Amino acid sequence: MDDALVRVGRALRLALLIALALLFLVPFYLLVRNGLASEQDITSPEWTFFPAHLRWGNVRELFTDTSVPFARSLLNSALIAVATTLGTVLLASLAGYGLARIPYRHANKVFYAVLGTLMVPAAVTFVPSFVLVSSLGWISTLRGLIVPTLFSAFACFVFRQYFLGFPRELEDAAQVDGLGPWRTYWLVVVPNARPVFAAVGTIVFIGAWNAFLWPLVIGQDQSAWTVQVALSSFTTAQVVRLHELFVAAAVSILPLLVVFLCFQRWIVAGVERSGID
């Protein structure tokens, strides 16, 4: 009797997982299906699982469309996401390590001040940030898109929480071997903190890739468009190009899928080791 109940429970859990997986895959199916369809197939009231004729030329049309520089937008997004990720991880890890390890009587006050910035709505700092970037002449430049987003209070918090639980014995052993604080950080702390670095880096990369409002305002020239801004240009008051929009959305999520699949196991491990409940 007990074995039968266990088998039934496993079967129900498996069925639930399969149903949830299929539900999760529905948006990806719609992207692929509509991206390889014509405008008539997308808007037709008669739904088919896949169109009778798949239009692979939609992919070529996407990259040859002169009105939307999608290839350049992909390159811009890649450069911005990588630079933002590297800069944020470097600055936040150094700040978190300093707050966790450097003896300073005002360290907690500085940490609380950093946490306080998380409570400030982004809309409050948006206009001052734009005025500053504009005064520096960084409109429609990669500097204007990257530099203002380099520091993350959340990433600093995660690193500090992780370094508070980092074994001091490793650092003491490094100091006995003659390593100073800087070399101890690079040669001992960083190699042993790869899970939290990978977790924070993945989260920052996804956020930088999906950013829309700041790139929309700063990237006023087409040469500075990101992929999210390019996607918005397929639906305007004058024209709606649904097939290009769907195929562009499908192409734009491929880098995120690759990053997530490569680092998914580090995300959970990094959050667990950071001590966040």
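Structural notes, computed from the coordinates. Every chain is numbered independently, its residues counted from 1 as its sequence is written. Totals for whole chains, interfaces and linings use all residues, but because this is a predicted model, local features are given only for residues with pLDDT of at least 70 and pairs of side-chain atoms are given and counted only at 80 or more. The side-chain numbers reported here are obtained from all heavy atoms of the structure, hydrogens and water having been left aside.

1. Re the overall build of the protein chain
For step 1, the next point in the chain: Across its full length, the protein chain carries 14 helices and 0 strands.
For step 2, the next point in the chain: Here a strand is any run of E in DSSP of at least two residues, a helix any run of H or I of at least four, and the numbering for each starts at the N terminus. Moving toward the C terminus, one meets the helices and strands of the protein chain in the order α-α-α-α-α-α-α-α-α-α-α-α-α-α.
For step 3, the next point in the chain: Its C-alpha atoms give the protein chain a radius of gyration of 24 Å, more than 25% over the compact-globule value 19 Å for 277 residues.
For step 4, the next point in the chain: In terms of its C-alpha atoms, the protein chain occupies a principal-axis envelope of roughly 75 × 70 × 35 Å.
For step 5, the next point in the chain: Each residue is assigned to one of three classes by its accessible area relative to the maximum for its type, calculated with a 1.4 Å probe on protein chains only: buried under 20%, partly exposed between the two thresholds, exposed over 50%. The proportion of buried residues among the 277 residues of the protein chain is 38%.
For step 6, the next point in the chain: By definition, residues are in contact when any of their heavy atoms lie within 4.5 Å. Excluding contacts between residues fewer than 6 apart, the proportion of contacts in the protein chain whose partners are at least 24 apart in sequence is 72%.
For step 7, the next point in the chain: Surface accessibility follows the Shrake-Rupley procedure with a 1.4 Å probe radius. Residue values consider only the protein chains on display as shielding. For the protein chain, the accessible area works out to roughly 16,300 Å², and carbon and sulfur atoms hold 69% of it.
For step 8, the next point in the chain: His is not counted, nor are the chain ends, whereas Lys and Arg count as positive and Asp and Glu as negative. Charge coordinates come from a single atom per side chain, which is NZ of Lys, CZ of Arg, CG of Asp or CD of Glu. With 18 positive and 15 negative side-chain charges, the protein chain shows a separation of 7 Å between the mean positions of the two kinds. Throughout, radius of gyration means the C-alpha value; the globule benchmark is 2.2 Å times the number of residues raised to the power 0.38.

2. With respect to the packing of helix α10 (residues 181–192) against helix α11 (residues 194–210)
For step 1, the next point in the chain: Interhelical geometry of α10 versus α11 gives an angle of 70° and a closest axis separation of 5 Å. With respect to α11, the element α10 is oriented roughly perpendicular. Residues Tyr185, Val190, Pro191 and Asn192 of α10 touch α11, and the partners they reach there are Arg194, Pro195 and Phe197. Only the stretch in contact is used when fitting a helix axis, every axis being a line fitted to C-alpha atoms; angles between N-to-C directions are given from 0 to 180 degrees. We call two directions roughly parallel when the angle between them is under 35 degrees, roughly antiparallel when it is over 145, roughly perpendicular when it lies between 65 and 115, and oblique otherwise.

3. Observations regarding unusual backbone geometry
As a rule of thumb, non-glycine residues mostly have phi less than zero, and peptide bonds are mostly trans rather than cis.
For step 1, the next point in the chain: Of note, Ser140 is a non-glycine position whose phi angle comes to about 60°, a positive value.
For step 2, the next point in the chain: Ser140 sits in the partly exposed class, given a relative accessible area of 22%.

4. Section: the nonpolar core
For step 1, the next point in the chain: Here, the term nonpolar core denotes a set of buried Ala, Val, Leu, Ile, Met, Phe, Trp, Tyr and Cys residues that are joined through side-chain atoms within 4.5 Å. Counting residues in hydrophobic clusters, the biggest one holds 23 residues, and the most contacted among them are Phe159, Phe163, Tyr185, Val196, Phe197 and Val200.
For step 2, the next point in the chain: Of all the elements in the fold, those that place two or more residues in this core are α4 (70–101), α5 (107–117), α8 (153–164), α10 and α11.
For step 3, the next point in the chain: Element by element, the count of residues in this core is highest for α8, at 7 residues.
For step 4, the next point in the chain: Other than its neighbours up to four places away in sequence, Tyr185 contacts Ser93, Leu94, Tyr97, Phe163, Val190 and Phe197.

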